[in-house]
Structures are given as structure tokens and as C-alpha cells.
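Take a look at the letters that make up each chain.
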Amino acid sequence: MRFSERTMLFVPGDRPERFAKAASSGADAVLLDLEDAVPEGSKAQAREAAVAWLAHSPGLVRVNAVGTPWHADDLAALAALPEGTALRGVVLPKSSTAPQVAAVIERLPHRMPVLALVENAIGLREAAAIAGLPQVARMLFGSIDYALDTGITPSEPDEPELLWARSALVNASRAAGLPAPLDGVFTHLDDLEALESSSRRSRALGFGGRLCVHPRQIATVHRAWQPGDDEIRWARRVVRAGGDSNGAAVRVDGQMVDLPLLRRARHVLSLAGA
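Numbers given to residues run from 1 along each chain, matching the order in which its sequence is written. The model is predicted, so local features are restricted to residues of pLDDT at least 70 and side-chain atom pairs to those at 80 or more, both for listing and for counting; the totals for chains, interfaces and linings are taken over all residues. Here the side-chain values reflect all heavy atoms present in the structure, with hydrogen atoms and water set aside.

Here the residue pair E156 and P157 is connected by a cis peptide bond, since its omega of 10° sits within 30 degrees of zero. For helices the rule is a DSSP run of H or I covering at least 4 residues; for strands it is a run of E covering at least 2, with both sets numbered from the N terminus onward. Among the secondary structure elements, P157 is positioned in the loop between helix 7 (143-150) and helix 8 (163-175). The phi angle at K94 is positive, at roughly 55°, despite the residue not being glycine. Note that K94 resides in the loop between strand 4 (87-92) and helix 4 (98-106). Looking at K94, the relative accessible area reads 25%, which means it is partly exposed. Unusually for a residue other than glycine, E159 sits at a positive phi of about 50°. To sort residues, take the accessible area from a 1.4 Å probe on protein chains only and compare it with the maximum for the residue type: under 20% means buried, over 50% means exposed, and anything in between is partly exposed.

Here we come to the nonpolar core. Of all hydrophobic cores here, the largest spans 57 residues; its most connected members are L32, L78, V136 and M139. Residue contributions to this core peak at five residues, all from helix 2 (residues 43-54). Beyond its immediate sequence surroundings of up to four residues, M139 is in contact with A116, V118, A127, I130, A131, L169, S173, L178, P181 and L182. To form a nonpolar core, buried Ala, Val, Leu, Ile, Met, Phe, Trp, Tyr and Cys residues must be joined to one another through side-chain atoms within 4.5 Å. Ranked by size, the runner-up nonpolar core spans 14 residues in total, among them L60, V91, A137 and L140. Contacts are assigned to residue pairs with any non-hydrogen atoms lying within 4.5 Å of each other.

We now examine the pairing of strand 1 (residues 7-12). Counting buried residues along strand 1, six of its six residues qualify, which places the element largely inside the surrounding structure. Residues T7, L9 and V11 of strand 1 are buried on one face, and the alternating residues M8, F10 and P12, pointing to the opposite face, are buried as well. Note: two strands are recorded as paired if DSSP finds a minimum of 2 bridges between them. Sheet topology places strand 1 next to strand 8 (residues 209-212); three bridges connect them, and they run parallel. Bridge assignment links L9 to a residue of strand 8, and that residue is C212. In this sheet, strand 2 (residues 29-33) lies alongside strand 1 in parallel orientation, the contact comprising five bridges.

For this document, the term salt bridge refers to a Lys or Arg side-chain nitrogen within 4 Å of an Asp or Glu carboxyl oxygen. One pass over the full model with this rule turns up 18 salt bridges. Residue E5 is joined to R88 by a salt bridge in which the shortest nitrogen-to-oxygen separation is 2.8 Å. Of this pair, E5 sits in the segment before strand 1 while R88 sits in strand 4, and the two are 83 residues apart along the sequence. Close ionic contact of R6 with D28 constitutes a salt bridge, the shortest N to O distance being 3.3 Å.

Put into C-alpha cells, the structure is as follows:
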């Protein structure tokens, strides 16, 4: 299964009354969270609610991290789901090494996609090896935990202090032939303008979308990954000129356009549905 979603919306596993709302939010995927959004005393309840939802509705599940008291029970519950379940994939937080992720894969149903959430320095260092595992379907960036682990204090909305980390994860994903990774959550729920600015920066860096924590963020993120009118007009001019050049470099708006830029223009039009 190839994951190309722009948005995955977190919903706390212990709040099943919110599952249907999340599913109707317009997000490309619903991510039932058993980890950070769930208090310790509600872990079992969240697990049961997620399993019940997956009996009839699609979703992904973020399990608790390796080494926590709830991790083994999370995997066992997902492994026991009947064939044909609506579970689309498992998000593994604190993905740190390839052997760690491979051990989780072995305990899940055969060919179950795993999305590796990189949240610390070791995980980023080992990102290429993790991305190369056969069952890893996509990489996700846990920017908040990564900044905490490394002692970085990001300045929003563009967080230039995390530029290297983001680029490293994009490169590891591309080198492994995976879809572009998803960027981390944006925590200022009411500042949609800053969310759009941050998301456009993420798109420019090569991310394919981002994780979301509130339904109101979905439309803004989708818009950020949609080419603007100026970009679409540029792409059309490039494609028209390039299509008549038989592969030779041509001049468009004072810019030399060769095959790589022609491919980029075609990609822009594909994103725009044009």
C-alpha cells in the first residue's frame, strides 16, 4: 500500500465520540491515538475503542512506544484483528533503529504497513536504515519531541532551527523510494495564517503533507499543498514551451528551462489537477 495522504488527523483513542467527526473532517486519513493524547489510566479503554471502530471504519493507529507498559498489549490487540479489518497501518512513535522497527513489524499481521514516526536524534541518524525496511510505508516527523530531545528551541512558524532535520528526513525517504514524509503537528490551533505559512515552507522542503491535531487545520493544510495560480500559470507556460522543444533547453520568462524543470512543471500541474 502506498501512502500519499496530505493530512492525517489525530483523534484521542479514549474519545470515541470524536471518531466519526474526525472521519468527516475532510482529512485524508484518521489516526487513532493510543499514545500521547491518552492518559495512563485510559490506555486500555482507548485500545478497546480503537479496535471497535476498526471493525467497520478505516483508520490508522498510533500505538504506544516500545518499552512502555502498554506497547505489547497494543500490538497484540492489533494482531488479533480479524482478516479484512479496516486497519490501514500502524504508526510507531519513537522509531529509533531499524532492528527496533523490524521487531515491531514481526509482531503485526503479515504485510501490515508501518509508518515510522521519527522523534529523536537517534531516529534521525538511523532514518535511512528505517526507511529501507520492506514494511515501512512512510516516514513521519515528530518535530516537537525531536526539538525537545536535541535541546533545540524552534522559532515558529518556519522553524529554521529544524531545517537540517527536515531535509534529512525528506532525503532518507526519497532515497528509499518512499512517498514524501509528513511534517509534524502545528500546535497554535487558532493561527491558521501561520499554519499556512509553515505548511507552504514544509511543501517547499519536500514534505508531502503534515500531521494535524484539529479538524479546522485540514482545509488550510490542503490549500498549502495546492499550487497557487501563479505557479500553475508558470507550469503551463513551461509545458507549452518544453513540449515544442524536442527535449532541448528553452527560455521561459527569462529562465532557462531544461528537462528537470519541465518535469517539475508537469508535477505542479498534476498536483493542481490540471
